[in-house]
Amino acid sequence: MRSVLKVPFSNPAPDFDELTSVVKGEKKAERVHFVELGIDPEIVNHILEEFLDEKPVKSPLDEFETFYRQRIEFWYRMGYDYIRVAGGLDFPRAKHKQAEDTALLSRGARSWIDEGSGVISSWKDFEEYPWPKPESIVFSHYEFVSKNLPGGMKMMVCPSSGVFEICSEELLGFEGMSYLIHDDPNLVEAVFNRVGELIYEFYKNLVTLEGVGGFFQGDDLGFKTSTIISPALLRKLVLPWHKKFAALAHKHNKMYWLHSCGNLVEIEKDLINDVQIDALHSFQDAIMPVVEFKKRCGDQVAALGGVDMDRLCRSDEEELRRYVREILKNCMPIRYALGSGNTVANYVPVKNYLIMLDEGARWIR
């Protein structure tokens, strides 16, 4: 039986230019703008089928154009001013582990990277690794989306994971990297620089494409109590690359948003003053609620999202609505956009995702 829930927007009016002005602190928002780093395909497909009367294409390999038309329609109808488009720069990766996916909308199995050891542990490995070549980067999906955006919408783009994630998880392995930081720091630096150069090359080729509104780069740098490695090492190995990405975006009048999980207190001033991010995304109530960050740094940088994942998953309707309204009360109407504290994962109840958007749609300045 079809649910009585409805998507919040039957006649959306995306306005990426206004979102940009709100994020930059140039004006107060007339309405709540929405933002997400990602929305799991199981959520997208469920809403396409249940609410938008679409038979979802599950992979671009099946029907390329239909797949991306449906994704554009989803982001448009859910009230976003942009669609986040990612991928095209692939690094051959380390081994993965798998377990059963017990989410509400299960994908069968959930995988994660085995971080014990990576594919690069020596200079020989570095030289023999099949580094992506700039000419092999895939842009076709960006080009298609660019040509088919509804009026007022843009793309926020990202090639893959971030510099730190690719190096520490996929290439070096976290344990391997930790040893190499002591045993061969020059090799570690060389890996980080090669990855940074390739991501920069990706952005340099994409930044002038019509429809690109900015870069929405993910790179998890922290955990619950601190940054994953020392702030000094992040300042040496990682932050200079984010600074280059941000400078490239700003040179072309685009935005640079950074998603990073974890406790970033020790480097938040670096991100704001040196890297010069336009917005920070990913907030967890157990680390720093978005309302607290807004009080600390809201006059300097935008805060994105912040509806804590645990609350989004486990709250009943009344509790969730009250919680989202409190966030809006404290964060609106400038330098803020509403969304989850991380991503709309396939274990988030669809009803709660829609409730979050509905509260945003109800907000009155």
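Residues numbered from 1 in each chain as written. Predicted model: local features only at pLDDT ≥ 70, side-chain atom pairs only at ≥ 80, totals over all residues. Heavy atoms only, no water.

(A) Region of interest: the pairing of strand 5 (residues 212-218). Across the 7 residues that make up strand 5, a large majority, 7, are buried. Both strand 5 and strand 6 (residues 255-259) contribute to a ladder of 5 bridges, which runs parallel. Residue glycine 214 lies in a different strand from strand 6, and its bridge partner there is methionine 255. (Buried < 20%, exposed > 50% of the residue type's maximum accessible area, 1.4 Å probe, protein only. Helix = DSSP H or I, 4+ residues; strand = E, 2+ residues; numbered from the N terminus. Pairing = 2+ DSSP bridges.)

(B) Quick peek at the packing of aromatic side chains. In this structure the tally under the stated criterion is 22 aromatic pairs. Seen in terms of ring centroids, phenylalanine 34 and tyrosine 80 are 6.2 Å apart; in terms of plane orientation they differ by 70 degrees. Their pairing is edge-to-face. Here phenylalanine 34 is found in the loop between helix 1 (16-23) and helix 2 (41-50), whereas its partner tyrosine 80 is found in the loop between helix 3 (64-77) and strand 1 (82-86), with 46 residues between them in sequence. The same class applies to phenylalanine 34 as to tyrosine 80, namely buried. Each ring, one from tryptophan 241 and one from phenylalanine 245, has its centre 6.3 Å from the other, and the planes form 35 degrees; the classification is tilted. Here tryptophan 241 and its partner phenylalanine 245 are both found in helix 10 (residues 239-251), 4 residues apart, which amounts to about one turn of the helix. (Phe/Tyr/Trp six-rings, centres within 6.5 Å; stacked < 30°, edge-to-face > 60°.)

(C) Inspection of the packing of helix 10 against helix 11 (residues 268-275) at higher detail. Between helix 10 and helix 11, whose axes approach to 10 Å, the crossing angle comes to 40 degrees. In terms of axis orientation, helix 10 runs oblique to helix 11. In this structure, the crossing between helix 10 and helix 11 has a hand that is right-handed. For the pair helix 10 and helix 11, the contacting residues are Leu239, His242, Lys243 and Ala246 in the first and Asp270, Leu271, Asp274 and Val275 in the second. (Axes fitted to C-alpha atoms, helices over the stretch in contact; angles between N-to-C directions. Parallel < 35°, antiparallel > 145°, perpendicular 65-115°, else oblique. Left-handed = near helix turned anticlockwise from the far one by under 90°. Contact = heavy atoms within 4.5 Å.)

(D) Quick peek at the sheet that holds strand 1. The parallel open sheet is built from 7 strands, whose spatial order is 1-4-5-6-7-8-9. Every other strand in the sheet has two partners, leaving strand 1 and strand 9 (336-337) as the edge strands with one partner each.

(E) Quick peek at the pattern of salt bridges. This structure, assessed with the given rule, holds 18 salt bridges. For lysine 204, the salt bridge goes to glutamate 201, with nearest N and O atoms at 3.6 Å. Taken together, the positions of lysine 204 and glutamate 201, both in helix 8 (residues 185-206) and 3 residues apart, correspond to about one turn of that helix. Take lysine 204: its relative accessible area is 42%, and that puts it in the partly exposed class. (Salt bridge = Lys/Arg side-chain N within 4 Å of Asp/Glu carboxyl O.)

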